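Notes for the structure review
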Amino acid sequence: MIVVRQRMIKTNQRHLPLGSALLFAALLALSSCNPTEVTPTGSRSGILSNKDGSYDNMGYVYEESPAILGGAAVSASSINMAPYVYRKYPKAITSNTILTGNCGMNFYFYGNYSDSLDNCIQSLGNHTDFQSLPRQAENTWMYPTGSKEFYQVNALYHVQKGVDTFFEKMAYAYKKIHSLPLAVPKSVPSYLRSSNMFWFTGVSSLDSQIFRNSFLSSYSQCEAANNASFDPAGPSLCFGYHPSYPNFFFVQDPSIIYHEFGHAMVSIMMNMRNGTATETHPFRSNLGKFGFDEAGSLNEGIADYYSYVMNKRTHIGEWALGLYNQSRPMSESDSAHVPALDTTSEGRLSYPQYINYDPNNPNIPIEDVHYGGQIVSHYMVALTEEFKSQCGISGDADGGHAAATSYMVLLLSETLSELGDLNAKGIDDFTIPFTDATYFNNLDPTNSFLWTQYVNKVTYRRFFQVFAKNIYKYITGSVCSGFDKNESEKLLDDYGLLLFKNYNDNGNSTKSRTLAYTNAVPFIPAQALTPVSENNRRKSVLVSKTLLNSATAVANSSSTVGFYIIDNRTDMQNLLADLLYKGFPVPLSTGTAGVDYNNGNIKVSPGEIVAVIPNLYNSSNSTMAGVHLLANDWDHVNVTDRTTGNFKPCVVDTVTTVDQGAEAALTCTTTETDYKRLVKNTSTNLFPANAAAPVCMVQLESGNSTRWVSQNEFRRKQGLTLQDKDCLGYSTTGVSETDFSFNPHECLARFLPGASDAFFSKINPSKTYYETVVKDSDSKHFNAGNLLIMEVNKWVPPGTKFRCRLRAKFGNCSDCYTDAANANDDYQDSEYNGPKPYKVINFDFDVND
Amino acid sequence: MISRSKIFTIFAVLVLCLVWSMQNMKKKAHELARSSAVVAQAVPPNTLVFPASNKNGREVITRLQDKQTQKAPSNKPDPQWQDNFEKILVIQSGSKLRDLEVKKLHSFVWSVGGQNLNVESVLVSFKNEKNESTKFNALVDSQNGKIIQTWNQPVKDPGNPRENFGVKLDPRYNNE
């Protein structure tokens, strides 16, 4: 028998008001009249009669989880929900005739307008249910506690509460944002109502082309074991079960329901700018990938925070996660924390020190988005508390909770809608997007997905820079001048999150510093760059990128390598299958490489699919945090022949020199502002003069010298006689023998699309990543987010030498984001297509037999 | 004879009138803008302007005046794209996929790294060997089924994050 034991529960009990305790006592007394739990579906045992219609549209609900209402001794193995349902006072569920909920949001834009979406939520049991539950003949939703229908009703009750609260706060945010003068640049679009991007609907007539459904489905007893999830492609929420405890379900814990809806809310806010009344961008922005990254940690932290918005408790998952000993606090005052943490400036849960901290198991680090996200949830709770105390709202009946959390939703919607902007405009004209082909965010509409998800993905630095800008603009500048810039920066610094030198609020175009907001929208004047006050930076330490290297570059130990290779067939097959199950296909070449060639010799061999894990080394005296490594195509070559696309690599570091065939002048002196791949143009039959090239080059011997060349040049000059169809990534069907997106410069070795970037939580001073994170972890596993996946052509001759030019930057980097040559303004988006923001990490390898 | 002070007064009144009328015009213009905004907001959300179509009836997505996508696509749609696409998924899964469903949502022309291609936007759903469902969206080459982009991946919250997947370091790497 498992007994849920959580230190936090005791804390909560201390904070429970007397009224709640009395109510719970009354609940227990009442429920004792009906101790029977799982009454079979359809049974009417103990159901209130609704003859006079006073219980119309009502159902039995539990307001909190058994762990909160019942305390630490409640057992998951014999859970009975009856004591937690106040049967005498059922709650309103829905007035619809089927078990669905409605949504509505008010838009104040020079007058009040509202929009409603009927049946925007559908509550089902599991994926075999296709029909919504009909209202009972007596017009109620009252079902026996513990029945399948009971959980469906409860899921709808709590999801609807989450949705209503979100729309209430979004209505506040929208009104505040659009009440500011036109001259203030804004991100949440004024046309949000006509675009319908405030829900999963988009342009009405295109709904079926964008979403599977225009309503959010909730599966209260989903088929997923040990899991809850949000599925944006549904869109749906899934609340799973524990295989060993037949009466235990994640849906029994409302904090988990709010958390999962929090992910849905993030998805909505990330995509608010991605549609208009007439068209929708074909992609949607995600916040997070597979394995560990800071975007995913932000998503988890915000989802945890939403549970606090809903129930005011600074702890999540006491019941559902408590069963696994994995519930999470959201305040340093929580007794679940180690004693070193408290709510003083020194005691905050700061980045990066606590990025891998698990309060349930503090001695064993874990690199995981949920635990990494605790820094975000703790900061957000602390900021909310600051608003409550400093914005004149503490006298509100709820202590200012509703008002302060509305400020937070304002900040989140402005921040996330800017970060996830795939139309790349950044700002708008009065009621519609401006029409110029000028972009202020995420490069341009064609490449914005690549930029926002990979090249310049959302990190703690990027998120909190935009968030701080919005605090300054909307909170200090509008709703609460008492919370000033210094206080904002100090709180960020308490959490180690003051990672930027300015607010990047001057509005330069992504491709030209001479173009500003005012060029696209004349009523928005030129914006000044707001610097961070350096006096406020005490805990947020910035480190130079020059001090990041691969381990071999500094270590003399023969047992330390710069890159780990995993080529075990079973491990790789399982990894690929797991990635696909996470929704990340990494398209493998057919006929030229495959796991069948994997020989498990921890070297790179012909035909193999291998995982490459860079073992990065930090030679500084401070921790490096949020290290992001890219292996995607970038502008690092000078194309010398447009008929073949052959190139000379640019001199971007001291490793590849002019003597080795590199070029220091010509196109190598600038970075291409348009992102183009090195693929032949079918109309001109030429390769582009400037293009982003694959990262891996080959060493070609000619006479007594060697030089680094493109894979295309190597395969022709080294006598391999490989045709295009024998190259990696080549694919045709009957209609044409040409693959128009084929890149011949990755014919021999390539990092797989979708697995060409890796993320590392932190690297301690004078340590490698392995020593910092993996060595002390319980499983000694590398996180899936640490891996780059590469495939090697089976026709590559053993002994062939490759050099892959990877690029790294990290969150607390002092010289990865700002351009000293431009008054420390942030780099333009297009500069992330080149070497300037990055440290180039060379991955050299020989192909072995 | 009109005195200088009278001339000044008349001039000042004229200037004031001019300023007032300009401000009034500005105010009216702003009110007009407001009212048109309100009209714009009041337009039913399902008022849809379909993007331009090319000769084959395939929608050319001109994302907010992105001129690049005006060029003719390089590839030709082939019905075999779906078989190829499904094969790619099956290979990666190690044949562990169950109930694979590829639902075509939308066909259009899209610029991929500087190349214009006919593409299919699809919704993929399947189950793994544990009967757990997964869905995501993908953009696929209409000719050969190659995956161009994927998005809308699920956010999974395991009860125990310590059981999340990863890879173990080969013991031959001695890092102690």
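Scroll up to find the structure.
The sections below set out a description of the structure shown in this document. (Residues numbered from 1 in each chain as written. Chains lettered and ligands numbered in written order. Predicted model: local features only at pLDDT ≥ 70, side-chain atom pairs only at ≥ 80, totals over all residues. Heavy atoms only, no water.)

What follows concerns the overall build of chain B. Of regular secondary structure, chain B possesses two helices and seven strands. For chain B, the N- to C-terminal ordering of α and β elements is α-β-α-β-β-β-β-β-β. Scored against the burial criterion, the 176 residues of chain B give a buried share of 47%. By sequence separation, contacts in chain B at least 24 residues apart represent 48% of the contacts at least 6 residues apart. For chain B, the accessible area works out to roughly 9600 Å², and carbon and sulfur atoms hold 59% of it. (Helix = DSSP H or I, 4+ residues; strand = E, 2+ residues; numbered from the N terminus. Buried < 20%, exposed > 50% of the residue type's maximum accessible area, 1.4 Å probe, protein only. Contact = heavy atoms within 4.5 Å. Areas by Shrake-Rupley, 256 points an atom, 1.4 Å probe, with all protein chains shown as cover.)

Attention shifts here to the state of the cysteines. Residues and elements named next belong to chain A. Scanning the entire structure with this criterion turns up seven disulfides over all chains. Paired by a disulfide, C222 and C238 hold their sulfur atoms 2.1 Å apart. Across the S-S bond linking C222 and C238, the dihedral sits near -100°, which makes this disulfide left-handed. One end of the pair, C222, is in the loop between strand 5 (216-219) and strand 6 (227-231); the other, C238, is in strand 7 (residues 236-239), with 16 residues separating them in the sequence. Each member of the pair, C222 as well as C238, is classed as buried. At a sulfur-sulfur separation of 2.0 Å, the disulfide partner of C391 is C480. Residues C391 and C480 share a disulfide whose torsion about the S-S bond is about -90°; that sign makes it left-handed. In this pair, C391 is assigned in the loop between helix 10 (374-390) and helix 11 (401-419) and C480 in the loop between helix 13 (460-479) and helix 14 (485-494), connecting sequence segments 89 residues apart. (Disulfide = S-S within 2.5 Å.)

Further remarks concern the interface of chain A and chain B. Residue-level contacts link 127 residues of chain A with 86 residues of chain B. Together chain A and chain B conceal approximately 9700 Å² of surface at their shared face, both sides included; 56% is due to carbon and sulfur atoms. Among the residues chain A hides against chain B, the three largest losses belong to A:T446, A:L580 and A:Y581. Together they make up 8% of the total. The interface formed by chain A and chain B includes three salt bridges. Notably, a salt bridge pairs B:R162 with A:D358, separated by 3.0 Å at the nearest N-O pair. If you look at where chain A meets chain B, you find 32 residue pairs in polar contact (both at pLDDT 80 or more). Considering every element that reaches the side of chain A that touches chain B, the biggest residue donor is helix 16 (residues 569-581) of chain A, with nine residues. When grouped by side-chain class, the residues that make up the side of chain A that touches chain B number 59 nonpolar, 47 polar and 21 charged. (Buried area = accessible area lost by both parts, 1.4 Å probe. Salt bridge = Lys/Arg side-chain N within 4 Å of Asp/Glu carboxyl O. Polar contact = N/O pair within 3.5 Å; in protein donor to acceptor, adjacent residues only side chain to side chain. Nonpolar A, V, L, I, M, F, W, Y, C, P; charged D, E, K, R; others polar.)

Moving on, we get to the nonpolar core. Residue and element names in this part refer to chain A. Within the largest apolar cluster, 138 residues are counted, with the highest numbers of intra-cluster contacts made by W199, Y379, F463, F464 and F467. The biggest single contributor to this core is helix 4 (residues 148-179), with 14 residues. Other than its neighbours up to four places away in sequence, F467 contacts Y379, M380, L383, M408, L411, L412 and T415. In this structure, F283, L575, I613 and V695 belong to the second largest nonpolar core, which totals 99 residues. (Core = buried A, V, L, I, M, F, W, Y, C linked by side-chain atoms within 4.5 Å.)

Moving on, we get to the sheet that holds strand 6 of chain A. With respect to topology, six strands assemble into an open sheet ordered 3(A)-4(A)-5(A)-7(A)-6(A)-6(B), the strand pairing being mixed. Every other strand in the sheet has two partners, leaving strand 3 (100-108) of chain A together with strand 6 (155-158) of chain B as the edge strands with one partner each. Direction aside, neighbouring strands of the sheet carry axes that sit 15° apart on average. Sheet topology places strand 6 of chain A next to strand 6 of chain B; four bridges connect them, and they run antiparallel. What sits directly across from A:N227, in strand 6 of chain B, is B:P158. Across the face of the sheet, helix 4 of chain A comes into contact with strand 3, strand 4 (112-124), strand 5 and strand 7 of chain A while running at roughly 5° to strand 3 of chain A. (Pairing = 2+ DSSP bridges. Axes fitted to C-alpha atoms, helices over the stretch in contact; angles between N-to-C directions.)

Once that is clear, we can look at the pattern of salt bridges. Two side chains that carry opposite charge are able to pair once their charged atoms sit near each other. All names here are of chain A. Applying the stated criterion across every chain, the model contains 44 salt bridges over all chains. As a salt-bridge pair, R537 and E534 come within 2.7 Å of each other at their nearest N and O atoms. Under the relative-accessibility criterion, E534 is labelled partly exposed at 45%. The salt bridge involving E713 is made with R707; its shortest N-O contact spans 2.9 Å. Looking at E713, the relative accessible area reads 5%, which means it is buried. Residue R707 is classed as partly exposed on the basis of its relative accessible area of 26%. One continuous salt-bridge network, built from bridges that share partners, spans R513, D819, D825, E831 and K836.

On to the side chain of A:S194, then. All names here are of chain A. Its location among the elements puts S194 in helix 5 (residues 192-195). Taking the relative accessible area as the measure of exposure, S194 reaches 11% and is therefore buried. Here the side chain of S194 touches Y191 through a polar contact of 3.1 Å, landing on its backbone oxygen.

Counting buried residues along helix 12 (residues 448-455) of chain A, eight of its eight residues qualify, which places the element largely inside the surrounding structure. Residues of helix 12 of chain A that are buried include every one of A:S448, A:F449, A:L450, A:W451, A:T452, A:Q453, A:Y454 and A:V455, and no others. Looking at the buried side of helix 12 of chain A, the elements it contacts are helix 11, helix 13, strand 16 (624-630), strand 22 (757-763) and strand 26 (801-809) of chain A together with strand 5 (147-151) of chain B.

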